[in-house]
Amino acid sequence: MTQLKLLGTTALVLGLAAPAMAQEIRFMCYSDGNECEVYDDVLTRFEAANPGVDVIVDVVPYQAILENLPVQLAAGTGPDIAKVTDLGGLNQYYLDLTPHIDTGYWDASFGGTLDWYRVGDRQGYYGLHSQLTITGAFANATLFEQAGIEMPGDGATWEDWAAASRAVAEATGTPFPMAIDRSGHRVAGPAISYGAQYFDAEGNGSFAGFEPFAAAFVGWNEDGTFARDVWASQGGATYQDAAQEFINGQLVFYYSGSWQVGRMDSQVGDLFDWQVVGSPCGPAGACSGMPGGAGIVGFEQSQNPEIVAAVIDFLAQEDVYAEVAARTRNLPAHLGVAAAGVEFEGASPAAQAALNAFAGDLANVSPIAFAYQGYAGNRAMFGITVERLSQAIVGELSVEDAVARMGEDLAAAMAESR
Amino acid sequence: MAETTGQGANAPAPTHGRDSGASRDGLALRLISPVMRLVEIPMLFLQRLLGINRLAWVFLLPNLVLFGLFAFLPVILNIAYAATGGDNVLLADRPYVGARNFVTLGDCASYLDPNSCREDKFWRAVWNTAWFVTLQVGIMVGFSLLTAIVLNREIRARGFFRAVFFFPVLLSPVVVALIWKWILQREGVLNAFLDWTGVGGYNWLVDADWAFGWSVFLSVWAHMGFYTLILLAGLQAIPRDVYEAATMDRASPWRVFRRITLPLLSPTMLVVLVLALIKGVQTFDEVYAFTGGGPGTATTFIIQYIYEEGFAGAPRLFGLAAAASLLVAGVLVVLTLVQLWLNRRSADG
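These figures come from a predicted structure and were not determined experimentally.

> I keep staring at the interface of chain B and chain A and nothing clicks. Help me out?
The interface is formed by 38 residues belonging to chain B together with 29 residues belonging to chain A. For the pair chain B and chain A, the summed buried surface comes to about 2,500 Å²; carbon and sulfur atoms form 40% of the total. When the buried surface of chain B facing chain A is broken down by residue, Arg186, Val206 and Arg316 of chain B rank first, second and third, together holding 20% of it. On the surface where chain B and chain A come into contact, there are 6 salt bridges. With a shortest N-O distance of 2.8 Å, aspartate 229 of chain A and arginine 186 of chain B are connected by a salt bridge. Taken together, the links from chain B to chain A amount to 15 residue pairs in polar contact (both at pLDDT 80 or more). Of all elements in the fold, only α5 (120-151), α12 (285-291) and α13 (302-312) of chain B reach the threshold of two or more residues within the side of chain B that touches chain A.

Quick look at the structure:
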């Protein structure tokens, strides 16, 4: 009888435990710095407030987000939540959070970034933009000082910076005057400043107006203004940055983005003075950087959509969002948090100033850049830009042919996607 | 004699040994027998039902299922993907496009000029692969033969040198690529040495011709040990008395090499050549980790093209990648058939 009671009790406990175990949420996360670690920590508070819910943060390399996640989602074996950068590109799999959240709060807090996750008829609430970034330039102030050359001021053009950087490099024996990361996203701001439209009249992706920037950029790579190593040492659409060259003091002007601030802060230290100088202007009048970053989304295929929505909504609350932004030293996309200002945790005065400079440069972002970031086909366009521009730089294609090929590649990619 | 007598006198000892072996066999038989009796009943039933010849298929079935699942099914799926379009990974959601992917790949004004092709990256990869295979296989087989001949001689520390030449084969392709990248990058070991000697460094991996040349070198360095080993085995299989007879006839070393070594080594050479060709066409990992296919597309080979179209790019063009991979498979099948034909011809004398 006692054994029977014991068996009965065990069965009851297991029966009660089963639903609790079913509320396990898997969050596929990659880190640029300490993001996943911070999320894991913050979400323990969510778990404490929601007994029986277990949010497991699976830390993966960024490559897994780019290459494995889309295949997993297509096969129906994806996680419940993920941190993604292909914002609109994965829209078909996103869970619409609308029934589970206060949409008024989300509209007031996240404004235009909500559109980055929307595509076509799917106009719900899908993503929490957790990490706002903006491309911009880092200048080695010490090298300018050593060369006795004044740093170009506000409103300076790419040509101004190229001339100044060349002069500084020559005067100080620095190997590289300038560098831009090997990325279609990174050259988008400068290309817009040179007249790239990125959209045609129907709102489809286009490389119209890209040629002036392509010609200038290829010319700068040929005459040694830009570090040829960055764009010519790789093939395909492989990403390559020049952060190490800048950190080693071998580069005068480095065009990358706000996410590099932490790295500069910790690795440059007091070896030399550096500062963020925003995005130079181009002949088309714009002085635009490119916004971007990462967001947290839920997936329709989750067994627990309510909990997924609750987790994302928890991270979207102003106090939690502010804490995460401060601890991860990321620019906030939450309008309330941005307005209140963020005291970035552990950031040196230089890093704090750099982050503020990047945040200030957001006002100069062209509407084209903002729309391009939210365009579902932008990943294809980024890849095409890198491949064809690299071919022009190494002389496999003329600039004219490279731009023509970019248009053909895009048309083929879009036709295949449809 | 005494031992022989002794053995004969102690006849029970070996008999005892046989007994223990027999008892072990007996034990095994006793353990297996019940199982066999259990199997016997359905087997006899199946034999009566299907006949002895058809029963063979029952034994083959497990292997056929596994082989079909992991070898034939992917091939069939590949063919199916090659005949479909779109960027969806699920076959059910992919529209049938017939031969469109093959037409796209083959749409060229001149196959000798990749710029005139619709899918210019594919033809650049094809030509790069063709050049790479020609150079790499030629150099590698030549050096492997030379090394094998040297290592086949009675030289000091022969075992050590054999190990030295074989060592790179044991390394992972990524490790091979990273080692040479560290040596050849702008601030690498080679440039540091060249700077030290006053010659001055060079940006090897940013120059298309040099990057291609170093890719060939790296591949030869990484793989020649394997082919050296095969050729060494082939050289050691040549009877010594043929060489002794040639020495007695005062034949020159070059004549011995041309008239004895090369003809008797030719079946092994053939195997090495075809294996190296197949491996050369499949080159991907080490060069991808070494140069990423660049600068531009200078070191982009056909497998990298397939990987980038199907998996790395956006949108993922699985159809185009599958069509290209079928073309590569066709080339490899042709190479294998040539090997089989040459082997048969060589065996027939």
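Structure shown, so let's carry the discussion forward.
> What should I look at first to understand the UniProt feature "transmembrane region" (unreviewed entry) in chain B in this one?
Residues and elements named next belong to chain B. Feature annotation in UniProt places "transmembrane region" (unreviewed entry) on residues 58-81, 130-151, 163-183, 211-235, 256-278 and 317-342, given in this structure's numbering. Between the first and last C-alpha atoms of residues 211-235 the distance is 35 Å; the span itself is 100% helix and 0% strand. Here residues 256-278 is 100% helix and 0% strand, with 31 Å between the C-alpha atoms at its ends.

> In this structure, what is going on with the side chain of lysine 121 of chain B? I would like to understand it.
Position of lysine 121 of chain B relative to the elements: it lies in helix α5. Among the polar contacts listed, one links the side chain of lysine 121 of chain B to the side chain of glutamate 387 of chain A, at a separation of 2.8 Å. Setting aside residues no more than four positions away along its own chain, lysine 121 of chain B makes contact with Glu387 and Arg388 of chain A together with Tyr305 and Glu309 of chain B.

> Any chance you could explain the packing of helix α6 (residues 158-170) of chain B against helix α9 (residues 208-236) of chain B here in plain terms?
The angle between the axes and the distance between the axes are what describe a pair of packed helices. All names here are of chain B. Contact pair α6 / α9: the axes reach a minimum separation of 6 Å and the direction vectors enclose 130°. Judged by the inter-axis angle, α6 sits oblique to α9. By crossing handedness, the relation of α6 to α9 is classed as left-handed. Across the interface between the two elements, Arg162, Phe165, Phe166, Pro168 and Val169 from α6 touch Trp221, Ala222, His223, Met224, Gly225, Phe226, Leu229, Leu232 and Gln236 from α9.

> Would you mind showing me how to read the side chain of arginine 316 of chain B here?
The topology assignment puts arginine 316 of chain B in the loop between α13 and α14 (318-347). Of the buried charged residues, arginine 316 of chain B lacks a salt bridge, with aspartate 86 of chain A as the closest side chain of opposite charge at 6.2 Å. Within the structure, arginine 316 of chain B has its side chain in polar contact with the backbone oxygen of leucine 66 of chain A (distance 2.6 Å). In contact with arginine 316 of chain B, other than residues within four places in its own chain, are Leu66, Glu67, Pro70 and Arg379 of chain A together with Gly86, Asp87, Glu309, Gly310 and Phe311 of chain B.

Conventions used here
Residues numbered from 1 in each chain as written. Chains lettered and ligands numbered in written order. Predicted model: local features only at pLDDT ≥ 70, side-chain atom pairs only at ≥ 80, totals over all residues. Heavy atoms only, no water. Contact = heavy atoms within 4.5 Å. Buried area = accessible area lost by both parts, 1.4 Å probe. Salt bridge = Lys/Arg side-chain N within 4 Å of Asp/Glu carboxyl O. Polar contact = N/O pair within 3.5 Å; in protein donor to acceptor, adjacent residues only side chain to side chain. Helix = DSSP H or I, 4+ residues; strand = E, 2+ residues; numbered from the N terminus. UniProt positions renumbered as here; feature names shortened; annotations may be inferred. Axes fitted to C-alpha atoms, helices over the stretch in contact; angles between N-to-C directions. Parallel < 35°, antiparallel > 145°, perpendicular 65-115°, else oblique. Left-handed = near helix turned anticlockwise from the far one by under 90°. Buried < 20%, exposed > 50% of the residue type's maximum accessible area, 1.4 Å probe, protein only. Lys, Arg positive; Asp, Glu negative; His and termini not counted.

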